[in-house]
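So the chains spell out like this:
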Amino acid sequence: MTIAQRISEIRGRIDRAAASAGRDGSEITLVAVSKTFPAAAIDEAVSAGITDLGENRVQEARDKKPQVHGSARWHLIGHLQSNKTKDAVRLFDMIESVDSIELAAKIARAAEANGKTQQVLVQVNVGREAQKDGVDPTQLQATLEAMKELGSLEIAGLMTIPPIGTPEESRRYFSMLRSQFESARGGMGSQFRHLSMGMSEDFEVAVEEGATIVRVGRAIFGGRN
Ligand SMILES: *Cc1c(COP(=O)(O)O)cnc(C)c1O
């Protein structure tokens with residue numbers, strides 16, 4: 001199958017999963033995760049209708065972005081080191097991996113210096129795994145409250161990477177993120193509207209549990225080495 005065929009197949013599966021949950025598939029953004037794949041593959045995806053791309057490294061995005069012809073919104077989905085915040089703000093429309101108040105403050109300062117309002121998601125470590133990035137669920141409210149005080153940031157929602165497991169095992173983590181989102185929502189305003197969860201193996205379950213953004217790499221571009 002070509003990249004275009006895979007995208008169309010995935011879009012169909014998103015729409016069916018949405019319909020089964022009484023949702024409209026058009027409210028779900030498919031982020032094509034292009035890390036490790038060349039600009040030519042990205043161009044193919046954008047020509048096939050992809051509007052949003054995901055990269056996990058600032059450096060790789062900086063190298064590839066100028067070679068990509070089509071226009072798209074770029075999402076940073078990997079851990080952001082604080083010495084790369086300026087580049088990240090310049091390169092990415094959405095930073096999905098904000099995992100501390102300190103990092104949020106650095107991003108806010110860089111955004112202000114750029115005259116930009118930076119869209120961000122707060123990454124939550126729903127499985128409370130020691131090796132994983134993300135805000136601990138018990139600290140989420142306090143983190144969001146502190147982030148609200150920062151200018152030049154649009155806090156657009158939450159993101160998670162659940163512990164490795166089957167799609168059904170992921171479901172309870174997706175559902176946990178959804179509950180956290182619902183409890184935080186009242187205090188956050190209407191721009192707080194996104195739940196980024198679900199990857200190649202489990203995006204349908206994520207959609208059933210309320211994802212508004214799914215991040216799919218291998219199912220679009222093929223395996224990575
Ligand atoms: C690589 C990656 C994805 C996509 O994973 P696939 O298994 O290739 O679909 C999604 N989210 C994050 C944070 C990633 O690093």
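Everything here concerns the structure above.
Position numbers for residues start from 1 in each chain and track the written sequence from start to end. In keeping with the model being predicted, local features are shown solely for residues with a pLDDT of at least 70 and side-chain atom pairs are shown and tallied solely at 80 or more, while totals for entire chains, interfaces and linings include all residues. For side-chain calculations, the full set of non-hydrogen atoms in the structure is used, while hydrogens and water are omitted.

Asker: Would you take a moment to explain the overall build of the chain for this structure?
Answerer: Strands are runs of DSSP state E lasting at least 2 residues, helices are runs of H or I lasting at least 4, and numbering of each runs from the N terminus. A count of helices and strands for the chain gives 9 helices and 8 strands. Here the C-alpha radius of gyration of the chain, 17 Å, is about what a compact globule of 225 residues would show, namely 17 Å. In terms of principal-axis extent, the alpha carbons of the chain reach across some 45 × 40 × 30 Å. Out of the 225 residues in the chain, the part that is buried amounts to 51%. A radius of gyration in this sense is built from C-alpha atoms; the matching globule rule multiplies 2.2 Å by the number of residues raised to 0.38. Only protein chains enter the accessibility calculation, which uses a 1.4 Å probe; a residue whose area is less than 20% of its type maximum is buried, one above 50% is exposed, and one in between is partly exposed.

Asker: What am I meant to see in helix α6 (residues 140-148) here?
Answerer: Along an α-helix, residues three or four positions apart point the same way, because every turn accommodates 3.6 residues. For α6, the complete set of buried residues consists of Leu 140, Thr 143, Leu 144 and Met 147. Each buried residue of α6 sits inside an arc of 95° when the element is viewed along its axis, so together they form one side. For this quantity, the arc is that covered by the directions from the helix axis to the C-beta atoms.

Asker: What am I meant to see in the site of the ligand here?
Answerer: We call a residue near a molecule or strand when any one of its heavy atoms sits within 4 Å of it. Taken together, the residues surrounding the ligand are Val 33, Lys 35, Ile 77, Ile 161, Met 199, Ser 200, Arg 215, Val 216, Gly 217, Arg 218 and Arg 224. Within the contact set of the ligand, an oxygen atom lies 2.7 Å away from a side-chain nitrogen or oxygen of Lys 35. For the purposes of these results, a polar contact is taken to be a pair of N or O atoms within 3.5 Å, where, inside protein, one atom must be able to donate a hydrogen and its partner to accept one; residues adjacent in sequence count only when each atom of the pair is a side-chain atom. In the model, an oxygen atom of the ligand is placed 2.9 Å from a nitrogen or oxygen of the Arg 224 side chain. Relative to its unbound accessible surface of 390 Å², the ligand loses 92% to contact with the protein. Here the accessible surface of atoms and residues is derived via Shrake-Rupley with a 1.4 Å probe, and residues count as covered only by protein chains that are part of the display.

Asker: Help me understand the environment of Asn 125, please; the structure alone is not making it clear to me.
Answerer: With respect to the secondary-structure elements, Asn 125 resides in the loop between β5 (118-124) and α6. Accessibility expressed as a relative area gives 7% for Asn 125, which makes it buried. When the C-alpha positions of Asn 125 and Asn 56 are compared, they lie 17 Å apart, and in sequence the two are 69 residues distant. By definition in these notes, contact holds between two residues if any of their heavy atoms fall within 4.5 Å. Apart from the residues within four sequence positions on either side, Asn 125 is in contact with Lys 132, Asp 133, Gly 134, Val 135 and Pro 137.

Asker: Please clarify how the pattern of salt bridges should be interpreted in this entry.
Answerer: Close approach of charged atoms allows side chains with opposite charge to pair. Here, a salt bridge means any Lys or Arg side-chain nitrogen found within 4 Å of an Asp or Glu carboxyl oxygen. Summed over the entire model, instances satisfying the criterion amount to 19 salt bridges. The closest approach of N and O atoms between Glu 60 and Lys 64, which form a salt bridge, is 2.8 Å. Taken as a pair, Glu 60 and Lys 64 lie in helix α3 (residues 58-64) at a separation of 4 residues, close to a single helical turn. The exposure class of Lys 64 is buried, given its relative accessible area of 8%. Between Arg 218 and Glu 201 there is a salt bridge; the shortest N-O distance is 3.5 Å. Residue Arg 218 is found in helix α9 (residues 218-221), and its partner Glu 201 is found in the loop between β7 (194-196) and α8 (203-208); the two are separated by 17 residues along the sequence.

Asker: Explain the nonpolar core to me, please; I cannot follow it from the model alone.
Answerer: Burial of nonpolar side chains together is a common tendency in soluble globular proteins. Residues Leu 30, Phe 92, Ile 95, Ile 107, Leu 158, Val 214 and Ile 220 are the most contacted members of the largest nonpolar core, which totals 64 residues. With residues up to four places along the chain from it excluded, the contact list for Ile 220 reads Ile 3, Arg 6, Ile 7, Ile 10, Leu 30 and Ala 32. We define a nonpolar core as any set of buried Ala, Val, Leu, Ile, Met, Phe, Trp, Tyr and Cys residues linked to one another through side-chain atoms lying within 4.5 Å. Of all hydrophobic cores here, the second largest spans 8 residues; its members include Ile 77, Met 94, Leu 121 and Ala 156.

Asker: Sorry if this is basic, but what is going on with helix α2 (residues 39-47) here?
Answerer: Ala 39, Ala 41, Ile 42, Asp 43, Ala 45 and Val 46 are the residues of α2 that are buried. Turning to α2, the residues buried within the fold contact α1 (3-20), β2 (52-55), α3, β3 (73-76) and α9. Positive backbone phi, approximately 110°, marks Gly 49, located one or two places after α2.

Asker: What should I look at first to understand the packing of aromatic side chains in this one?
Answerer: To describe a pair of aromatic rings, one takes the distance between the centres and the angle between the planes. We call Phe, Tyr and Trp rings a pair once their centres come within 6.5 Å, taking the six-membered ring for Trp, and we label the pair stacked below 30 degrees between planes, edge-to-face above 60, and tilted otherwise. In the structure shown here, the tally under the stated rule is 2 aromatic pairs. Consider the rings of Phe 37 and Phe 221, whose centres lie 5.2 Å apart with planes at 25°: the pair is stacked. You can see Phe 37 sitting in the loop between β1 (29-33) and α2 and its partner Phe 221 sitting in helix α9, a full 184 residues away along the chain. Of the two residues, Phe 37 and Phe 221, both sit in the buried class. Ring centres 5.2 Å apart and planes at 20° place the aromatic pair Phe 181 and Phe 192 in the stacked group.

These figures come from the coordinates and say nothing about function on their own.
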